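# A look at the structure
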Amino acid sequence: MDHFLYKNGALFAEDVAIADIAATVGTPFYVYSTATLLRHFTLFDEALAGMDHLVCYAMKAASNQAILKTLANAGAGMDVVSGGEYLRAKAAGVPGERIVFSGVGKTADEIRLALTGGIRQFNVESEPEMEVLNRVAGEVGVMAPITIRVNPDVDAKTHAKIATGKSENKFGIPIARAREVYALAASLENLEVIGIDVHIGSQLTDLAPFELAYQKVAELTEMLRSEGHNICRLDLGGGLGIPYARSNEAPPLPIDYGKLIERTVGHLGCEIEIEPGRLIAGNAGCMVSEVIYVKSGEGRDFLILDGAMNDLIRPAMYEAHHDIVPVIEPAPGAEQTPYDIVGPVCESGDTFAKQRLMPPLAAGDLVAFRSAGAYGAVMSSEYNTRPLIPEVLVHGDQYAVIRPRPTFDEIINRDTIPEWL
Ligand code: LLP
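Residues numbered from 1 in each chain as written. Predicted model: local features only at pLDDT ≥ 70, side-chain atom pairs only at ≥ 80, totals over all residues. Heavy atoms only, no water.

## Quick notes on the packing of aromatic side chains
- Tallied over the entire structure, the rule returns 7 aromatic pairs.
- Through a chain of ring-to-ring contacts, three or more aromatic side chains come together here, namely Phe-44, Phe-210, Tyr-214 and Tyr-257. (Phe/Tyr/Trp six-rings, centres within 6.5 Å; stacked < 30°, edge-to-face > 60°.)

Rendered as structure tokens:
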């Protein structure tokens, strides 16, 4: 459930009319609902209530500090994957002891940044990384708490570009080699081994792959404990999927995911961490765009929007579906016509949907891309010198611009011209 609903024929974010935001902020823009962010966070928090746990929001999904602060105030930790994300989480007020550092290619500089500023744990992904972490921790003069990310060789049954748990993926160490890698970690004097990490992919719409992976983690926990390792924390990653096509998708609920966690690893008495991103932010955000032209082509009509692939890349990159709804509610039983819905960027890949049934729309009408809160604004670019679009956060009947639209001058003046020109 989310808080984007039609009221008296107009789409609202909580108690704010989307059209009112468009009138002041201009289009396109992203809009997020505080109540939806908090609801999704709470669903996870409650699903794990029976266990010692921390929900570490995977901030790569939507990393505006206002979003981070909203979630951190509710008790969330953060999962970061770069020095930039670490600093952003800190800037939003998240203490180091609630920040987990994931990622397959942490540099020595990023590691130093986190060790100096404080960190809950590093999720280490390889032996070379472990050696660098050990060296830098020695230089900084601290013990680095670590889990090791294991690759359980489980098929997450999701889009190939976002599956991470098969042995051919670059992530983690093969679970079959875990014993020797943990032994190496235990021998490094500046590392403190505290647990195991696993993340098998994103937008999982079936619980079975999680079950398989977590069973393997449970077996590994017992085995490593028998070898003398102090495994007291399990980071079970993120990945629970969301309904993108609302009419026909119903992915598993956080409550059932929580039961699965309890069933597979609950008996081990470990502290549980999870790293959900998409489920918290995805349906808490929309991208709102205006129709610039309706163009009749050969046998098809195009809706040309002012939003483009640089603003929301998911359809171009993953063939992702986003529901696209008019901001003025269509009359019940209104006629629907197929449109190709496209942006203004000069490539055919700038297509959001093909032959999508929509009520008749005209230039100047607003549409909202649903489920765009996760991996939307964060993946946007300035391709075609199109400014990054603003982000707006709604809270009840209030809203605030949480990232303004840059001016053309700000964009253009970032270039510097070498002196020989
Ligand atoms: N933890 C780790 C280590 C991850 O790599 C990810 C996502 C997450 C947690 C959060 O997964 P989530 O709960 O959001 O599924 N850009 C793609 C998604 C990439 C996901 C990358 N890793 C998209 O737009 O679908």
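## Focus: the sheet that holds strand β3 (residues 16-17)
- Taken together, 3 strands build an open sheet; the order of strands is β1-β2-β3 and the sheet is antiparallel. Edge strands, defined here as strands with exactly one partner in the open sheet, are β1 (4-7) and β3.
- Sheet topology note: the β1/strand β2 (residues 10-13) ladder contains 4 bridges and is antiparallel. Bridge pairing links Lys-7 to Ala-10 in β2. (Pairing = 2+ DSSP bridges. Helix = DSSP H or I, 4+ residues; strand = E, 2+ residues; numbered from the N terminus.)

## Some remarks on helix α3 (residues 65-73)
- Within α3 the residues assigned to the buried category are Ile-67, Leu-68, Thr-70, Leu-71 and Ala-72.
- Just past α3, the residue Gly-75 takes up positive phi, approximately 110 degrees. (Buried < 20%, exposed > 50% of the residue type's maximum accessible area, 1.4 Å probe, protein only.)

## Examining the site of the ligand
- Within the structure, the ligand sits among 18 residues, and Ser-202, Glu-275, Arg-278, Arg-314 and Tyr-375 are positioned closest to it.
- Ser-202 has a polar side-chain atom sitting 2.4 Å from an oxygen atom of the ligand.
- One of the side-chain N or O atoms of Glu-275 is found 2.6 Å from a nitrogen atom in the ligand.
- Here the ligand, which alone exposes 600 Å², has 91% of that area covered by the protein.
- With respect to the pocket detection grid, the ligand is positioned in the largest pocket.
- For the shell around the ligand, the residue count by class is 6 nonpolar, 6 polar and 6 charged.
- Both domain 1 (4-31 + 282-412) and domain 2 (34-280) contribute no fewer than three residues apiece to the shell around the ligand. (Near = heavy atom within 4 Å. Polar contact = N/O pair within 3.5 Å; in protein donor to acceptor, adjacent residues only side chain to side chain. Areas by Shrake-Rupley, 256 points an atom, 1.4 Å probe, with all protein chains shown as cover. 1 Å grid on protein atoms, 1.4 Å probe; cavity = no way out; pocket = protein on both sides within 12 Å on 5 of 7 lines; lining within 4 Å. Sits in = over half its atoms within 2 Å of the grid points. Nonpolar A, V, L, I, M, F, W, Y, C, P; charged D, E, K, R; others polar. Domains from an automatic or database assignment.)

## Considerations on the pattern of salt bridges
- Counted according to the given criterion, the structure contains 22 salt bridges.
- Linking Glu-129 and Lys-106 is a salt bridge whose minimum nitrogen-to-oxygen distance equals 2.6 Å. Here Glu-129, found in helix α6 (residues 127-140), pairs with Lys-106, found in the loop between β7 (99-101) and α5 (108-117); they are 23 residues apart in sequence, far enough to count as distant.
- Here Lys-106 falls in the buried class, since its relative accessible area comes to 9%.
- Linking Glu-139 and Arg-135 is a salt bridge whose minimum nitrogen-to-oxygen distance equals 3.2 Å. (Salt bridge = Lys/Arg side-chain N within 4 Å of Asp/Glu carboxyl O.)

## Remarks on the environment of Lys-60
- When you line up the elements, Lys-60 lands in the loop between β5 (53-58) and α3.
- A relative accessible area of 32% means that Lys-60 is categorised as partly exposed.
- In this structure, the C-alpha to C-alpha distance between Lys-60 and Val-378, residues 318 residues apart in sequence, is 7.1 Å.
- Dropping the residues within four chain positions of it, Lys-60 is found in contact with Asp-79, Val-81, Glu-85, Tyr-375 and Val-378. (Contact = heavy atoms within 4.5 Å.)

## With respect to the domain arrangement of the protein
- Domain boundaries assigned for the protein yield domain 1 (4-31 + 282-412) and domain 2 (34-280).
- Just the C-alpha atoms count here: the centres of domain 1 and domain 2 sit 32 Å apart.
- Taken together, the 24 residues of domain 1 in the interface contact 25 residues of domain 2.
- Carbon and sulfur atoms supply 52% of the area that domain 1 and domain 2 bury against each other, a total of about 2,000 Å² over both sides.
- For the pair domain 1 and domain 2, the interface holds 1 salt bridge.
- In this structure, Arg-246 and Asp-323 form a salt bridge, with 3.7 Å as the shortest nitrogen-oxygen distance.
- Our count for the domain 1 to domain 2 interface comes out at 14 residue pairs in polar contact (both at pLDDT 80 or more).
- Broken down by element, the side of domain 1 that touches domain 2 gets its largest block of residues, 4 residues, from strand β20 (residues 391-395). (Buried area = accessible area lost by both parts, 1.4 Å probe.)

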